[in-house]
Structure formats: structure tokens, C-alpha cells
Amino acid sequence: MPELPEVETTRLGIAPYVEGREIVEVRVRNRRLRVPVPEDFEQRLIGARVGCVTRRAKYLRLPLASSEGEGTLLWHLGMSGSLRIARVGDLPKKHDYVDLVTGEGFVLRYHDPRRFGFVDWQQGDGTEDTRLAHLGPEPLSEAFDGAWLYRLSLGKRMAVKPFLMDNRVVVGAGNIYAAEALFLAGIDPRRAAGRISKARFDRLALAVKDVLAAAITQGGTTLRDFVSGQGEPGYFAQKLNVYGRQGEPCRRCGQPLKRIVLGQRASVFCPGCQR
DNA sequence: ATTTGACCCTGCATGC
DNA sequence: TGCATGCAGGGTCAAA
């Protein structure tokens, strides 16, 4: 579930239950995530207090302060990970792999069937982590615009969709939203990145911002029942124009949407509207 | 240097 | 019903 809007929704949902709270118990049921859970994970966390939860790209950062010093949890949800708030006594389900229990009796519970996600402890504030060091700009920041895309695209022969999904170019443009943004901008996902004009990249950057901002807004509706543990992300209800709609008529021109594979990822687009 | 492809892992839908 | 196949929201790494 975790595209950037879902990670942001997760951050907003868990923050009130963990910020300023002390971790009194840690349970790890499976250490074999994409990055193995460190051996001293539990010992580092017990007795620590959680600071302000932040997000960078699709990573969540939970700063920790204890008598031992300062550290940071770096949490990535991978393809199938989710963080929910449960209560002490709620039994873990299959693939519930990590629990952080606070003094108030809430449990931050990590669920990840495919185990492509991870949680890692870093000394300090975590900003020096190599996984974060080479990330491109946040899509909703001013640093990300058409000029930035155009500059990076010069000389690039790769297709624009995998280009847009490259985390060094911009973070948070996952497979759903890359496809949606390219549709909104009217750009064929197969087009070589280096053969797109500045004006068209201006449109594309705005489309990325629009679609992500709209999805975050809709993800917010999920927050209401976040604690009760029910509910799929609200943004799923949004009207996707192309993602998952191969063979169905284009909402704009009516002709059937086409599915191809780019960079091992399914890519749906309208051959009429996207050039 | 850029770009492509294999791989990490489980669950689900589909078709025989 | 059982089994094989393909596919899934992400990211890393090695090889071409």
C-alpha cells in the first residue's frame, strides 16, 4: 500500500500515539526483513522517548532519546508493509513482525507479508544514512519543478516513466502516480526523457504535485478509523485515470488504454492522449 | 556512465 | 480440488 501518500497518512496516524511517549516494551517476531532487525534493537529502544515523527521520501524517521544517547529509527514499508496502532492485549496476526509498546498501553505494530520493508536503528538523527543521502527532492517542495526535470533529462535515453520513478530524480513518484502524472501531462511513458521539452516537463512536474497532493488529502480520510484498525487507504477510492485500467476506455478520448512493461513495471497509458 | 534485468518474499487471481 | 503461472504499491545490486 505504501506510495508516498500512504506513508504520509501513516505518519499522521501514528504520530499522536508515539510522539513524546516512552517505549516500555519491544517485541520482534521475525528479524528477517529486507534489512535484518539489529541484534541490539530491543535494548536500544527500551526506555527511550520518541520525538517528532518525520518523513523523507517513503522513509519514516522516529527520533529516540534515552539515557544512552540519541538515535533514530528508520522505517521503510516496502511493497506490503503497514504500521497501525493497536492496544496492549490485541493479539498479533500473521506477518505482524514488530511491536513497540508505549507507557500508555498503545502498540505501534508493523505488518509486512512480503518483508520488503525494514526498520533500522541509526546513531544520531539518521540524516547521514546512505539510504537517504542520495535522494532527489521531495515532489511537493519548490526544489522540484520542470526546470529540474529538464536539466536532469538532458542526454538521457531512458523512457520518461522509469526516469520519473528514479529516486535520484524525484522521490515519491511510485508506479501508480508516475502513470497518473504522465497521463495528466499528456506524455507517452515510453518517450525518451532527453527528448521532452522544458514546457512539457513544466506540465509533468505540476501533474506530479497535483496527483500526490490530491492523494494525500484523500489519504487523510483514512485517519479517522486508523486506530480502530479498519479501513483501506482512502485514496484508493480516487478516480484513477490509467493505473490498473488496461483495456478500459480512456476517460478523455474513449479509446482503449494500453498496457506495456517499462523497467519491469506495468505501465498503462492512452495511446491517443499521450504523445 | 547509463541502463537493464534479476532478485528479495508472500498472497492472490486466473486458468488448466 | 489441486496445481502452475503471473502479477503486485519498492528498492538494491550486478552486469551489459
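Residues numbered from 1 in each chain as written. Chains lettered and ligands numbered in written order. Predicted model: local features only at pLDDT ≥ 70, side-chain atom pairs only at ≥ 80, totals over all residues. Heavy atoms only, no water.

Focus: the pairing of strand β6 (residues 82–87)
As a reminder of what qualifies: Only protein chains enter the area calculation, which uses a 1.4 Å probe; residues under 20% of their type maximum are buried, those over 50% are exposed, and those in between are partly exposed. In DSSP terms, a helix is any run of H or I states spanning at least four residues, a strand is any run of E spanning at least two, and both are numbered starting from the N terminus. Two strands form a pair only when DSSP identifies at least two bridges running between them.
Judged by how many residues are buried, β6 sits mostly within the fold: 5 of 6 residues are covered. Pairing of β6 with strand β8 (residues 106–111) involves 6 bridges; the strand directions are antiparallel. Within the sheet, the bridge partner assigned to Ser82 lies in β8 and is His111.

Section: unusual backbone geometry
Backbone geometry at Ala57 places phi at a positive 55°, although glycine is not the residue there. For Ala57, the location among the structural elements is in the loop between β3 (54–56) and β4 (59–66). Accessibility expressed as a relative area gives 5% for Ala57, which makes it buried.

Focus: the protein's contact with DNA strand B
Rule in force here: Proximity is defined per residue: if any heavy atom of the residue lies within 4 Å of a molecule or strand, that residue is considered near it. Two N or O atoms form a polar contact when they lie within 3.5 Å of each other; inside protein one atom must be a possible hydrogen donor and the other a possible acceptor, and for residues adjacent in sequence the pair counts only when both atoms belong to side chains. Classification used: nonpolar for Ala, Val, Leu, Ile, Met, Phe, Trp, Tyr, Cys and Pro, charged for Asp, Glu, Lys and Arg, polar for all others including Gly.
In the vicinity of DNA strand B, the residues found are Lys94, His95, Pro113, Arg114, Arg115, Phe116, Lys156, Arg157, Met158 and Gln264. Backbone atoms, meaning sugar plus phosphate, form 59% of the atoms of DNA strand B positioned within 4 Å of the protein. Here His95 contributes a side-chain N or O atom positioned 2.5 Å from a phosphate oxygen of DNA strand B. In terms of residue class, the surface near DNA strand B is built from 3 nonpolar, 2 polar and 5 charged.

So, to be careful, I would describe these as geometric facts and stop short of saying anything about function.
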